[in-house]
Structures are given as structure tokens and as C-alpha cells.
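A look at the structure
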Amino acid sequence: MQKVVCETEVDIKNADGLHMRPAMQFVDVASQFDCDITVSNNENTVDGKSIMQISMLAATCGTRLRIKAEGPDAQEALDALRELVEDKHFDEPTPKEKKKQ
Amino acid sequence: MKFADFVCFKAVIPELKATDRDGAIAELVSSLDKARKLGKGNCEKIIKAVIKREKEASTGMGKGVAVPHVKHSAVKNIVAAVGLSSRGIDFSALDKQPVYSVILLISPEGNPDKHLQAMENIFKHLQKERFRKFLRQCQTPEQIEDLLREADENPSL
């Protein structure tokens, strides 16, 4: 089987950042795929399928994360995670939307 | 952020009396209230708010630990209590296993970044098996305080 490695960068856009509920959403999506997924900020690289490790990133709004996936469905995984983080921003308001509330 | 920056060492409970989730939350919030960390007349409201949050999604992250939390206007600074249960408590944890160590966190409203920094510190340590084991073994408030201060000083613990 061909080894597929994909990488991308995403920005955290929801005002409250990657707190526990978004972290759980992230792990839920990541866990739907067979590939290995790691997530890095400037300091740490953690397992994208571990809720404790993702919570440890403490990614605030505006943080850029690097996601790396290794395995046959790597590209699909990255597409799904990008959609969750950047397009849906975890179904939470961005700072602008929060001000309007 | 370090444990000593937000854990109220007067509100650590080496053996929770409570045997269920809601009881444990009430015991820990009351303990913060007794330590005068919550302002007057907020204890019941905060207990209800934490339980409500917990019902939306369990903070039992697996491996015997739970981190119930809520954002509440009653506090100006982040404050946490720690409770242990040798019997184990059902928190509807992700791995369906009982919870032996509970870190309860109350964060002020309008400062999401501070909340994330506290969580970062908590999980940095909780994900280590050695730390979880040491925490579970604590039998007095002093032992809990010593362990958390040692973890602050020595991140590789």
C-alpha cells in the first residue's frame, strides 16, 4: 500500500479557542479516519486522536496549528478537519459574531 | 500557568464523601465557597451551572480523571478545587471507567485565553501516568498540595 503523508495549517477562528468541547469535536472527526494524525503548535506536537493531548495545546483564537496525517485516507482527514476548524469554527461564534450577540 | 496560580489549596479533598457525580461537584464547589472564593450567595447557582455543563458533555476524559468546569461571573480569577475518591465515581466518562481524581475549575466570563491556559496546565500533567498515579495516592490535603507544587517546579514529574 502506498504511504500517503499530507500536511496543512489551520487557524483557530472561534472566540473561545480550542477548549474542551471543540477539542472533543476535533478528536471525534480525527478518529473517523484510519491515518495517524498529529497536531503541532510552536511548542508541542500531539496525537490528534487523544482528547487530553489536544486539550493540552490550549490553542487560543488566532493560533495557527499544523496538522499532519499519515495513511491512506490522509487527505480526506485533513479536508474534514479543516472544514471543522476553519469553515464551521466548531459551530461557535468568531470574536466578531460574539460582539454582535 | 501553574497549579499554584489557580488551585485553592484550602479546597482540596483527599477523600470525597460523595459517591456520585453531582454529589462530588457539589462537595467541591462548596469547598471553594467555604474558602471564600466564590463571593456571597453563589454556591448553589454555580453547582447547578457545573452540573448543567457536565450533562451537555462529560468532562470525564478517561484514565480515571474528570475536569468539570464552568465559566461564571461570580469569580474574577480562575479558581480550582481538587477531590479524590478511592472508590471511584461514575462520571459517564469517555472510557466508561470510574473517576478517581476530579479537578473542578471555575473560570471568569470574558477571558477565554486564561481558561485555556489553565486547561493546558491541567492536561499537561494529567496525561502523564506517573502524575495520575501520584495524585490518586495522596491521602492528605498537604500531600495534594506538595504534589501539585512539585509538578509546578519540575515539569518532567
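The coordinates are above.
Computed from a predicted model, the values in this text were never measured in an experiment.

What follows deals with the overall build of chain B. Looking only at helices and strands, chain B has 6 helices and 6 strands in total. Mapped from its N terminus to its C terminus, chain B presents α and β elements in the order α-β-α-α-β-β-β-β-β-α-α-α. Over its C-alpha atoms chain B spans a radius of gyration of 14 Å, differing by no more than 12% from the 15 Å that the globule rule assigns to 157 residues. With respect to the principal axes defined by its C-alpha atoms, chain B has extents near 35 × 30 × 25 Å. Considering chain B as a whole, with its 157 residues, one finds that 42% of them fall into the buried category.

So, about the environment of Ile51(B). All names here are of chain B. Mapping Ile51 onto the fold places it in helix α3 (residues 43–56). Separated by 14 residues in the primary sequence, Ile51 and Lys37 place their C-alpha atoms 19 Å from one another. Beyond its immediate sequence surroundings of up to four residues, Ile51 is in contact with Asp22 and Ile25.

Here we come to the sheet that holds strand β1 (residues 5–11) of chain A. All names here are of chain A. Here we have 4 strands laid out as an open sheet, ordered β1-β4-β2-β3, and antiparallel in their pairing. Whereas interior strands pair on both sides, the edge strands pair on one side only; in this sheet they are β1 and β3 (45–47). Taking the axes of each pair of neighbouring strands and ignoring which way they run, one obtains an average angle of 25° across the sheet. Bridge analysis of strand β2 (residues 36–40) against β3 gives 3 bridges, and the strand direction is antiparallel. Across the sheet, residue Ser40 finds its bridge partner in β3, namely Thr45. The strands touched by helix α3 (residues 74–87) within the sheet are β1, β2 and β4 (64–70), with β1 carrying the most contacts at an inclination of about 5°.

What counts as what
Residues numbered from 1 in each chain as written. Chains lettered and ligands numbered in written order. Predicted model: local features only at pLDDT ≥ 70, side-chain atom pairs only at ≥ 80, totals over all residues. Helix = DSSP H or I, 4+ residues; strand = E, 2+ residues; numbered from the N terminus. Rg over C-alpha atoms; globule rule 2.2 N^0.38 Å. Buried ≥ 20, exposed ≤ 12 C-beta atoms within 10 Å, placed from the backbone. Contact = placed C-beta atoms within 7 Å. Pairing = 2+ DSSP bridges. Axes fitted to C-alpha atoms, helices over the stretch in contact; angles between N-to-C directions.

None of this, on its own, says anything about what the molecule does.
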